[in-house]
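Working through the structure, step by step
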Amino acid sequence: MSTSVLRSDPHLPPATRVPSAMQGLAAITSRRLFFGHLHARHGTAFTVHLPVFGRAVVISDASLARELFTAGDKVINIQPNLGRILGAGSIFSLEGREHRARRKLLTPPLHGKRMKTYEQIVEEEVRAETSTWPVETEFASMEPMMRITLNVILRAVFGAVGEDLENLRRIIPPMVTVGSRAATVPNLPRVLRAVDPNHRYERMRAEGKALLGDLITRSRNDPRLEERDDILALMLRSRYDDGASMGDDEIGDELMTMLAAGHETTGTTLAWAFERLRRHPEVLGRLVAEVDEGGTEYRHATILETQRSRPVIDFAARYVVADQLELGEWRIPRGYNVMVSIALLHDDSREFTDPERFDPTRFLGTAPSPAWLPFGGGTRRCIGAAFATMEMDVTLRTILSDFELLPTDARAERWFSRGVAYAPARGGRIAVRRRR
């Protein structure tokens with residue numbers, strides 16, 4: 001692939017002469033490899049032309065990322081963004097004052113004292129899922145982890161289990177799989193509708209929104225609504241500063257966001273954690289010893305290191321709405337997306353010594369550096385970060401308490417693109433035996 005430099009605008013980072021169609025194909029099939037190739041050729045900033053996202057500048061420098069995340073009203077969320085998939089009422093679709101107000105409304109249910117209640121739900125779901133695990137027989141951990149995280153968010157959102165939620169359990173996993181692919185693929189011509197993930201996703205999403213609409217209506221009419229402490233009840237009772245409440249369509253889109261986006265990334269990160277731990281028995285041994293002693297610090301560091309070395313979401317981005325955005329030496333015009341390559345930043349030896357080494361001790365006794373960005377950054381940092389971290393912590397603690405995770409000398413699992421998210425290609429295969 002030729003990557004000779006094309007400088008059509010002296011204020012933009014170097015671009016490649018590769019035709020945009022080939023750039024698009026490379027980005028869809030392996031965004032990580034494509035960006036890594038251009039990074040090796042052009043350094044920490046380069047210009048690309050991608051399907052869906054159009055003309056974009058990709059950066060992999062922590063100081064430039066900080067400038068982007070603090071650019072204020074010069075930028076908005078990447079265009080198009082996940083609001084295209086999750087709905088106009090989703091927090092991904094909102095900007096400015098509306099976005100800040102929605103974050104303020106949604107933050108309390110996902111933070112603070114409620115975490116203790118959620119911890120019990122996670123532990124219960126982990127033990128229910130692992131009760132039928134085979135012993136000393138290898139299997140993929142990703143599907144069990146996705147079931148755990150989906151069941152946890154369903155119980156946290158709706159406050160109960162039962163027949164009402166079975167249909168959501170049925171449709172959400174395939175919808176997430178198709179939606180993750182649709183988010184990075186443009187709408188295809190009508191003649192290709194049979195293979196267009198966007199068309200398939202719209203059908204699935206319509207079914208999901210109808211189910212959520214029924215649950216919202218029933219909750220609004222629940223005489224015990226004021227006594228409930230599930231997330232849906234809190235959303236129905238919450239008010240903006242001006243006294244207004246969220247409409248049913250907005251609540252439906254936010255619930256869809258929590259159910260779809262909230263469980264996939266956490267479940268996938270857990271699968272990566274098991275994939276890493278089986279290949280690093282010294283880390284695994286220290287983790288088990290800490291679990292037995294009732295500690296938490298090394299487990300938390302292991303979660304941070306898993307997210308650094310195997311980020312599930314590999315970029316965060318903004319769209320330039322000012323006439324020009326200054327980032328270091330570059331001047332980026334209106335209409336460009338600017339993408340922070342999280343994967344390249346996490347592999348930067350200037351930010352993380354020996355980045356190829358899986359080493360949780362790099363996070364012991366210190367806060368993650370600004371280059372650690374698995375949840376994005378700035379005002380659009382993932383609102384569910386605390387909830388996701390709690391889920392991963394309790395899941396690892398519970399499984400390592402109950403099971404011995406058997407090491408392996410198999411090669412590391414390669415990266416597999418699900419569209420938006422990156423997963424272990426073989427599903428994070430594990431083998432266990434019950435601890436006495």
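Residues numbered from 1 in each chain as written. Predicted model: local features only at pLDDT ≥ 70, side-chain atom pairs only at ≥ 80, totals over all residues. Heavy atoms only, no water.

With 97% of its residues at a pLDDT of 70 or more, the chain shows a mean pLDDT of 91. Counting contacts from residues 1-8, a segment whose pLDDT is below 50, to residues more than four positions away or on other chains yields 22 contacts. (pLDDT = per-residue confidence, 0-100. Contact = heavy atoms within 4.5 Å.)

As a further point, take the side chain of Asp196. Among the structural elements, Asp196 can be located in the loop between helix H7 (166-182) and helix H8 (197-220). Buried Asp196, no salt bridge; nearest opposite-charge side chain is Arg193, N-O distance 6.2 Å. Sequence-distant contacts of Asp196, defined by excluding residues within four places in its chain, comprise Pro186, Asn187 and Leu188. (Helix = DSSP H or I, 4+ residues; strand = E, 2+ residues; numbered from the N terminus. Buried < 20%, exposed > 50% of the residue type's maximum accessible area, 1.4 Å probe, protein only. Lys, Arg positive; Asp, Glu negative; His and termini not counted. Salt bridge = Lys/Arg side-chain N within 4 Å of Asp/Glu carboxyl O.)

Considering soluble globular proteins, one finds that nonpolar side chains tend to be buried as a cluster. Membership of the largest hydrophobic core comes to 73 residues, with the highest contact counts inside it found for Phe158, Leu168, Ile172, Leu255 and Phe387. Other than its neighbours up to four places away in sequence, Phe387 contacts Leu110, Met115, Tyr118, Val152, Ile153 and Ala156. Grouped together as the second largest cluster of nonpolar side chains are 32 residues, Leu12, Tyr336, Val338 and Ile342 included. (Core = buried A, V, L, I, M, F, W, Y, C linked by side-chain atoms within 4.5 Å.)

On to helix H1 (residues 20-42), then. Taking 1.5 Å per residue, 23 residues should reach 33 Å; H1 reaches only 17 Å between its end C-alpha atoms and comes up short. In H1, a bend of some 125 degrees at Ser30 exceeds every other bend along the element. Among all positions in H1, only Gln23, Gly24, Ala26, Ala27, Ser30, Arg31, Arg32, Phe34, Phe35, Leu38 and His42 are buried. Downstream of H1 by one or two residues, Gly43 has phi in the positive range, about 95 degrees. (Expected span 1.5 Å × (residues − 1). Bend = angle between axes of the 7 residues up to and from the residue.)

Successive residues of a regular strand alternate their side chains across the two faces of the sheet. For strand E10 (residues 337-341), the tally of buried residues reaches five of five residues, placing the bulk of the element in the interior. The alternating pattern of E10 places Asn337, Met339 and Ser341 and Val338 and Val340 on opposite faces, both of which are buried. Pairing between strand E4 (residues 54-59) and E10: four bridges, direction parallel. Looking across to E10, one finds that Ile59 is bridged to Val340. (Pairing = 2+ DSSP bridges.)

Before going further, it helps to spend a moment on the packing of aromatic side chains. Across all of its chains, the model carries 11 aromatic pairs by this definition. Measuring from centroid to centroid gives 6.0 Å for Phe34 and Phe35, while their planes differ by 40 degrees, and the two rings are tilted. Considered together, Phe34 and Phe35 belong to a single accessibility category, that of buried residues. The rings of Phe352, Phe363, Trp372 and Phe375 are connected pair by pair, giving a single aromatic cluster. The positively charged end of Arg32 is found above the aromatic ring belonging to Tyr422, 6.0 Å away from the centroid. (Phe/Tyr/Trp six-rings, centres within 6.5 Å; stacked < 30°, edge-to-face > 60°. Lys NZ or Arg CZ within 6 Å of the ring centre and 35° of its normal.)

For the rest of this paragraph, the subject is helix H2 (residues 62-69). If you check which residues of H2 are buried, you get Ala62, Leu64, Ala65, Leu68 and Phe69. Taken around the axis of H2, the buried residues stretch over an arc of 160 degrees, which confines them to a single face. (Arc of directions from axis to C-beta.)

Moving on: a nonpolar patch on the surface. Where nonpolar side chains cluster on the molecular surface, the patch consists of Leu188, Val191, Leu192 and Val195 and spans about 370 Å² of accessible area. Tracing the sequence through the fold places Val191 in the loop between H7 and H8. Note on Val191: relative accessible area 77%, which makes it exposed. (Patch = residues over 30% accessible without salt bridge, like charges linked within 9 Å, V, L, I, M, F, W, Y side chains within 5 Å. Areas by Shrake-Rupley, 256 points an atom, 1.4 Å probe, with all protein chains shown as cover.)

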